[in-house]
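Notes for the structure review
The primary structure of each chain is shown beneath.
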Amino acid sequence: MPLIENGRIGEDAWSFIPDGEPVPNDRPVIISFERWQAERDGFEGRNAKLGVRLKSGTLAGAIAADLDRFALVAVEFAKFRDGRGFSTARELRERYGYTGEIRAVGHVIPDQYLYLVRTGFTSVEAPEGTNPESWANALTEVTIAFQPSLDDTAPLSLLRRKLKVG
Amino acid sequence: MNHIAPGARAGIYHYDEIDRQFVAERVEQFRRQVERRLSGELTEEEFKPVRLMNGLYLQLHAYMLRIAVPYGVMSATQLRKLAAIGRKYDRGYGHFTTRQNLQYNWIKLEDTPAILHELAEVDMHALQTSGNCVRNVTTDPFVGAAKDEVVDGRVYAEILRQWTTMHPEFTYLPRKFKIAISGAESDRAAVRIHDVGLLARRNDKGEAGFSFYVGGGLGRSPFVGKLVREWVAQEDFVAYLEAILRVYNQYGRRDNIYKARIKILVHELGLEKFTQEVEEEFARLRGPKYRLDPEIVEGVRQHFAPPPFEELPDHSEALERAKAADPAFANWLEVNVAEHKAPGYAIATISLKPAGGIPGDATCDQMDLVADLAERHSFGELRVTHVQNLVLAHVKKDELYDLWKRLDEAGLGSANAGLIGDIIACPGLDYCALANARAIPLAQAISARFADPIRQRTIGELGIKISGCINACGHHHVGAIGILGVDKKGTEYYQITVGGDPTLTTAIGDILGPAVTETEAVDAIEAIVDVYLANRTGEGERFVDTLKRVGHAPFKERIYAAD
Amino acid sequence: MSAKDRSKEGSMKAITANRLRDGEVVFLGEGGRWVESFAEAALFQRAEADGVLAEAKAKAEREQSGVDIYAFEVVEQNGIPVPATMRERIRTAGPTVRLDLGKQAA
Ligand code: HEM
Ligand code: SF4
């Protein structure tokens, strides 16, 4: 599936390994949160990067204690209308200080891309056949924000201001 | 863009470059979204939340477009534009709603980008008037004018408007989210039936702060908002709301649309646990990032500086003369005019409820007239109320008679604010795709039955509120008399409730008995009124108080006696 | 067979949608064409309605022509087919409180 990063289709270095399949040791992989819970000891001493995939109902707090083990957290959107993931990402960044990659997976649409970026996501797994132009536009068509968010570390001095685009 | 600045003296928020650019960008964005939908790139399922976020519903006959009137306040210029749009793209009228907004009923999807573009010319839009986001914040329609005002709710409603606009985290909430603010002693904003209701107050140092009521709402399971925190200081205002929304976004139910509102979360978690979650989140958010800077508040407040009132004596000879000469005017004055904080001025309610008329509907010609009158008599500014009327908030007492004559000629002079003719009715089955029964014809029949202004005065304060289905857009739960349309095997029936109260003493009405037909409903309302008049202790006792004293029995007996 | 003849055979169904681009209420007419007037709507036997509906839905989604597509019941009154429910009668005519608007005004 195409990976969207910085408004463009990018290379995906990661692969998701479904539960039950052997986990390769020589390349970055994403495993499910459930597998992590069940087999965490098995990942002791692993050198290649590890990522974890949270179902939409699994909130940031569930993985908070283990965040230093993961270079990537994939947050699932069961339906694009289910916006819990926006809070999950924001909590990962603001509350738990996570600095690795946060990836949106599942059902998201280009019209949500700016919201994703502003709540701390770094990449999005888009559906096959998606229109890349719509993703690129999504980051530039609205350049104003009315509230602080992840893209902005200054204190809330003014409600209205321009977003730094790009 | 062909930008027309609203009247400089109007007490409304004036857009700056950034606000304007934002709205222009959103219009363009929607234009492309419509193109993507028409080309098939977006499915209907994907497009629906996008169009809803821009106020566009699909209704029975066409699309419906809901225009945001932030906290119900607008300028004459803006109203004139609404009239022009109604003529050009709709059928020459609009419907003012209980959410202090305006709806058009006959809109074409393909026209919508052009309409939004025209709205942007007068700093208006339809953003977040629908969808599972934070909706238009509502407030007291007498804001900035009422004698009993303690805090100007517009300032905080505007801060919330900005803060919630395209909020990246809270635009795909479990369900819609409605906030109301009241800054006066009497609550004219029905705060406790909102997801978050804010009572703005002052402490003994004169600083503004807020009581937070959470989890109110009507619909299938009505709840009265519960007090979550008595005092939130101004600087924590945004942080506290952010905390509430984050708890809601994470824990609110998404498995069942009927259980997705925050009222159900508060109910299921219990007030204590809910409050604890919010307080925990709040404690963490309380840092500098979310602190509401007094400078911002001051900056916004300047937009709402009082208009240049003249120094007038409070007593108006002209008014007294007109009152003595014209009894119909005297009646309107008693019923539709409220006290203003500036001497010599008054607050006038323009009733959109002529006897036998459609509650909340106004023709484009009427809108133009009201815009003219607002310019002439009220510093070019007007308000929409949550009972579907309009308000000119700053009218010189000397000019009230002129104002009323012009209104009366145009069918806008009904003297029924707060009386039995001042009925709220949702669009019901005549327009709404979700309806079970019609609401408007019943409102028309009742207001025609009680058309006599003297009879209405004799009955006194009595709110009738009608909804065409359990979603309760017509607030029937909190009507002194509430009427809910139901469908019984293809026939419209109406269920009557009594004892609801939308003010701070919020109460949900009780069902009086089995549902009745439309004709029976009109007779039943008359019977209820008769029983009330027969039982009340003197002119002073309001319907709800008599009801409390004598209970349901005498009312039930009269209505259902024949069965 | 005309709409009128077919409705005599018992409970019938018509298929309706709102046209995507302007929201106008439309009905599936003869030959799979969308028509604006209920009088020109094709009527289907209960049993066949499901299949026709599924087909119309798929076609409308492909062609971006209509949304909110569903079938509704039609009964006969004084020899004329009419929608069985008040809701559908209002959709085919217009608001009962504004006889100057909607299809009834045309
Ligand atoms: C005509 C199209 C409309 C549709 C499809 C619609 C839909 C709904 C729905 C589904 C609810 C229930 C929400 C819930 O309980 O979760 C609701 C509630 C409500 N709507 Fe509407 N509505 C419409 C028109 C209006 C109008 C015209 C008004 C104002 C007059 C309005 C104001 C409200 C209010 C005040 C509530 C109840 C308060 C609450 O949110 O609990 N709606 N609406
Ligand atoms: S109460 Fe029901 S019928 Fe009335 S507008 Fe709301 S959804 Fe429609």
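Residues numbered from 1 in each chain as written. Chains lettered and ligands numbered in written order. Predicted model: local features only at pLDDT ≥ 70, side-chain atom pairs only at ≥ 80, totals over all residues. Heavy atoms only, no water.

- If you look chain B up in an unreviewed UniProt entry, it shows as Nitrite/sulfite reductase from Azospirillum endophyticum.

- An unreviewed UniProt entry lists chain A under the name DUF934 domain-containing protein, from Azospirillum endophyticum.

Some details on the overall build of chain A
- When you go through chain A residue by residue, the secondary structure sums to four helices and ten strands.
- When the elements of chain A are put in sequence order from the N terminus, they spell out β-β-β-β-α-β-β-α-β-α-β-α-β-β.
- When burial is assessed residue by residue, chain A has 56% of its 166 residues classed as buried.
- Residue pairs in contact within chain A that sit at least 24 positions apart in sequence constitute 48% of those at least 6 positions apart. (Helix = DSSP H or I, 4+ residues; strand = E, 2+ residues; numbered from the N terminus. Buried < 20%, exposed > 50% of the residue type's maximum accessible area, 1.4 Å probe, protein only. Contact = heavy atoms within 4.5 Å.)

Digging into the coordination of the iron atom of ligand 1
- Coordination of the iron atom of ligand 1 by the protein comes from a single atom, B:Cys473 (SG), at 2.2 Å.
- On the secondary structure map, B:Cys473 appears in the loop between strand S17 (464-467) and strand S18 (481-488). (Donors = N, O, S within 2.8 Å, 3.2 Å for Na, K, Ca; no water.)

Thoughts on the site of ligand 1
Residue and element names in this part refer to chain B.
- Inspection of the region around ligand 1 gives 22 residues, with Thr98, Lys178, Leu218, Arg261 and Cys473 positioned closest.
- Contact distances for ligand 1 include 3.2 Å between a nitrogen atom and a side-chain N or O atom of Lys176.
- Residues belonging to the shell around ligand 1 are distributed by class as follows: eight nonpolar, eight polar and six charged. (Near = heavy atom within 4 Å. Polar contact = N/O pair within 3.5 Å; in protein donor to acceptor, adjacent residues only side chain to side chain. Nonpolar A, V, L, I, M, F, W, Y, C, P; charged D, E, K, R; others polar.)

Details of the layout of surface pockets
- In this structure, the second largest pocket occupies an estimated 1200 Å³ of space.
- Looking at the lining of the second largest pocket, the elements with two or more residues in it are helix H11 (327-336), strand S11 (337-339), helix H15 (453-459), S17 and helix H17 (543-550) of chain B. (1 Å grid on protein atoms, 1.4 Å probe; cavity = no way out; pocket = protein on both sides within 12 Å on 5 of 7 lines; lining within 4 Å. Points joined across faces, edges and corners; volume = space filled by probe spheres on them.)

As for the interface of chain A and chain B
- With 42 residues of chain A at the contact, the number on the chain B side is 46 residues.
- Where chain A abuts chain B, roughly 4200 Å² becomes buried across the two surfaces, and 54% of that area is made up of carbon and sulfur atoms.
- There are eleven salt bridges connecting chain A and chain B.
- Salt-bridge contacts for B:Glu45 lead to A:Lys79; the nearest nitrogen and oxygen are separated by 3.3 Å.
- Counting across the interface, chain A meets chain B through 24 residue pairs in polar contact (both at pLDDT 80 or more).
- Elements that contribute at least two residues to the side of chain A that touches chain B include exactly helix H2 (84-95), helix H3 (113-118), helix H4 (132-140) and strand S10 (161-162) of chain A.
- Taken together, the residues of the side of chain A that touches chain B sort by class into 15 nonpolar, twelve polar and 15 charged. (Buried area = accessible area lost by both parts, 1.4 Å probe. Salt bridge = Lys/Arg side-chain N within 4 Å of Asp/Glu carboxyl O.)

A closer look at the side chain of B:Lys465
- Locating B:Lys465 in the fold gives a position in strand S17.
- B:Asp422 provides the closest opposite charge to the buried, salt-bridge-free B:Lys465, at an N-O distance of 7.6 Å. (Lys, Arg positive; Asp, Glu negative; His and termini not counted.)

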